[in-house]
Amino acid sequence: MSAEEPQPEQESPASRTPDTAPREAAIAVGPPPTGTLSTERLAAKALETRLLGGERKLRRREVAAGAGLSLLSARKLWRALGFPNLGDEDVAFTERDQAALSTVVDLVRTGQLTEEAAISVTRSIGQMTDRMVVWQIEALVEDMVQEQGVTDAVARKRLVNDLPALVDALEEMLVYSWRRQLNAGVQRLAVRAEAGLQASEEGREGDEDDAPLPLARAVGFADLVSYTSLSRRMNEKTLARLVQRFENKCAEIISVGGGRLVKTVGDEVLYIAETPAAGAEISLALAQAFTEDEILPEARVAMVWGRILSRLGDIYGPTVNLAARLTTLADPGSVLVDSMTAAALDQDERFVLIPQQAENVRGFGEIHPVVLARGRGKGLVLD
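Computed from a prediction, not measured in an experiment: that's the story for all the values here.

## Looking at the packing of helix α6 (residues 115-148) against helix α7 (residues 152-162)
Thought 1: Running from N to C, α6 and α7 point in directions that differ by 115°, and their axes come no closer than 9 Å. Between α6 and α7, the angle is such that the two are roughly perpendicular. Relative to α7, α6 is oriented so that their crossing is right-handed. Mapping the contact onto sequence places Ile137, Glu138, Leu140, Val141, Met144, Val145 and Gln148 in α6 and Asp152, Ala155, Arg156, Arg158, Leu159 and Asp162 in α7.
Thought 2: Of the residues contributing to the contact of α6 with α7, the split by class is seven nonpolar, one polar and five charged.

## A word on helix α4 (residues 71-81)
Thought 1: When α4 is considered as a whole, its buried residues turn out to be Leu71, Ser73, Ala74, Arg75, Leu77, Trp78 and Ala80.
Thought 2: The secondary structure elements touched by the buried residues of α4 are α3 (60-66), α5 (95-109) and α6.
Thought 3: In the stretch just after α4, Gly82 is the one whose phi turns positive, near 90°.

## Let's talk about the environment of Glu359
Thought 1: In this fold, Glu359 is placed in strand β8 (residues 359-361).
Thought 2: For Glu359 and Pro369, which are ten residues apart along the polypeptide, the C-alpha to C-alpha distance reads 7.4 Å.
Thought 3: Excluding residues within four positions of it along the chain, Glu359 makes contact with Leu329, Gly365, Glu366, Ile367 and Pro369.

## Some details on the confidence of the model for the protein chain
Thought 1: Summarising the model, the protein chain shows a mean pLDDT of 84, and 83% of its residues fall at 70 or more.
Thought 2: Across the protein chain, the secondary-structure element scoring lowest on mean pLDDT is helix α1 (residues 13-16), at 38, and the one scoring highest is strand β6 (residues 335-337), at 96.

## Quick notes on the pattern of salt bridges
Thought 1: Enumeration according to the criterion identifies 15 salt bridges in this entry.
Thought 2: One salt bridge connects Arg245 with Asp293, and the closest N-O pair in it is separated by 3.0 Å. Taken as a pair, Arg245 in helix α11 (residues 236-256) and Asp293 in the loop between α12 (276-292) and β4 (299-311) lie far apart in primary sequence, 48 residues in all.
Thought 3: Look at Arg245 and you get partly exposed, because its relative accessible area is 33%.

## Structural notes on the side chain of Asp267
Thought 1: Tracing the backbone shows Asp267 in the loop between β2 (260-265) and β3 (268-273).
Thought 2: Despite its burial, Asp267 pairs with no opposite charge; the closest candidate is Arg300, at 7.6 Å N-O.
Thought 3: Ignoring any residue separated from it by four or fewer positions in sequence, one finds Asp267 in contact with Ala222, Asp223, Leu224, Tyr227 and Phe246.

## A word on a nonpolar patch on the surface
Thought 1: A cluster of nonpolar side chains, namely Trp178, Leu182 and Val186, defines an oily patch on the protein surface of about 300 Å² accessible area.
Thought 2: Position of Val186 relative to the elements: it lies in helix α8 (residues 167-191).

## So, helix α2 (residues 39-52)
Thought 1: Over its 14 residues, α2 runs 20 Å from end to end, which matches the ideal 20 Å to within 8%, given 1.5 Å per residue.
Thought 2: Just downstream of α2 lies Gly53, where phi reads positive at about 80°.

## Let's talk about the packing of aromatic side chains
Working definition: an aromatic ring pair is given by the centre-to-centre distance plus the angle between the planes.
Thought 1: Applying the stated rule across the entire model yields two aromatic pairs.
Thought 2: An angle of 20° between the planes, with centres 4.6 Å apart, marks the rings of Trp78 and Phe93 as stacked. Remark: Phe93 occurs in the loop between α4 and α5 and Trp78 occurs in helix α4; sequence separation between them is 15 residues.
Thought 3: On the basis of relative accessibility, which here comes to 9%, the residue Trp78 falls in the buried class.
Thought 4: Judged by centre distance (5.5 Å) and plane angle (40°), the ring pair of Phe246 and Phe290 falls under tilted. In this pair, Phe246 sits in helix α11 while Phe290 sits in helix α12, placing the two residues 44 residues apart along the sequence.

## Quick notes on the packing of α2 against α7
Thought 1: Remark: α2 packs on α7, axes separated minimally by 9 Å, with the N-to-C direction vectors making an angle of 50°. Judged by the inter-axis angle, α2 sits oblique to α7. Here α2 and α7 pass one another in a crossing that is left-handed. Residue-level contacts link Glu40, Ala43, Ala44 and Leu47 of α2 to Lys157, Val160 and Asn161 of α7.

Conventions adopted
Residues numbered from 1 in each chain as written. Predicted model: local features only at pLDDT ≥ 70, side-chain atom pairs only at ≥ 80, totals over all residues. Heavy atoms only, no water. Axes fitted to C-alpha atoms, helices over the stretch in contact; angles between N-to-C directions. Helix = DSSP H or I, 4+ residues; strand = E, 2+ residues; numbered from the N terminus. Parallel < 35°, antiparallel > 145°, perpendicular 65-115°, else oblique. Left-handed = near helix turned anticlockwise from the far one by under 90°. Contact = heavy atoms within 4.5 Å. Nonpolar A, V, L, I, M, F, W, Y, C, P; charged D, E, K, R; others polar. Buried < 20%, exposed > 50% of the residue type's maximum accessible area, 1.4 Å probe, protein only. pLDDT = per-residue confidence, 0-100. Salt bridge = Lys/Arg side-chain N within 4 Å of Asp/Glu carboxyl O. Lys, Arg positive; Asp, Glu negative; His and termini not counted. Patch = residues over 30% accessible without salt bridge, like charges linked within 9 Å, V, L, I, M, F, W, Y side chains within 5 Å. Areas by Shrake-Rupley, 256 points an atom, 1.4 Å probe, with all protein chains shown as cover. Expected span 1.5 Å × (residues − 1). Phe/Tyr/Trp six-rings, centres within 6.5 Å; stacked < 30°, edge-to-face > 60°.

Here you go:
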């Protein structure tokens, strides 16, 4: 990040457009319309001033110069946060924007972060908070529609008036959760990482495709059966409830089992756990929960114990790919594992392992799937 005086940049409107798409939460900049502001506009402006820490008074070059940063470097950070691109004449920033920019710059200048690491960390904040805010707004709107009997459009207007009473509580919970999650992440990804690698050595010869990867994890997929055909027959509200029910149930089971929900993509959830046994318990609980659910269809579940690469909040590697392939082979309501994972669980009386006929799997050749079933014990207790 360069601290020299910003150099003039020649930018046409066309060259500015592709930098990044405007976010849903972005409020259009520029002077308000002439005349008396409506009550709704006044409420929206008051909320913006509170959230941004003041009125928009600064242009982008002024903010960059105030932080002692070139405009080019400042724009890299703003893009990482997901902000829409702005022109030189747009009065879009507050003093809090300048303070935030200075905070990141100071981390680089003092050597605590490299520029590359600073941009990556900043991008993680931008992407996660963007998704979080959209999720929260939609949840609040949906609640008002159901509880107050108003239309979606009316609920979105009312939200502007209702949100100020929630801001402080939501912010406090955000910081609290971040600290707890950071502590848990340090334990998983640093303190206990070596123990997981040592545990993964059994049954391996050292030349496996995932051998160079740094973390040992149980990787699982759960995929709802016939979701596509069901979604075509549902209206918007019914589909939204189905998706929410699916995500909520997955999140609860994975959390109780000590795992982490990596992501959901429509009708599919990807999760990880630190041990083969923990992954097996979560997988069996997911299959059972959807089999017994009166609304959701059954799920196909697969789990593989192996090594992965964790980047950008996601996971990568042959272990992830194999778990995804096994999911397509699983029968509805069942859990499949590979032979290596079965060997890791073989002496655990909580699980029953039933070898299946060998299958040729794209990218892996012949593999030997094993059905995982409940042995002794109650499994996960969700209360």
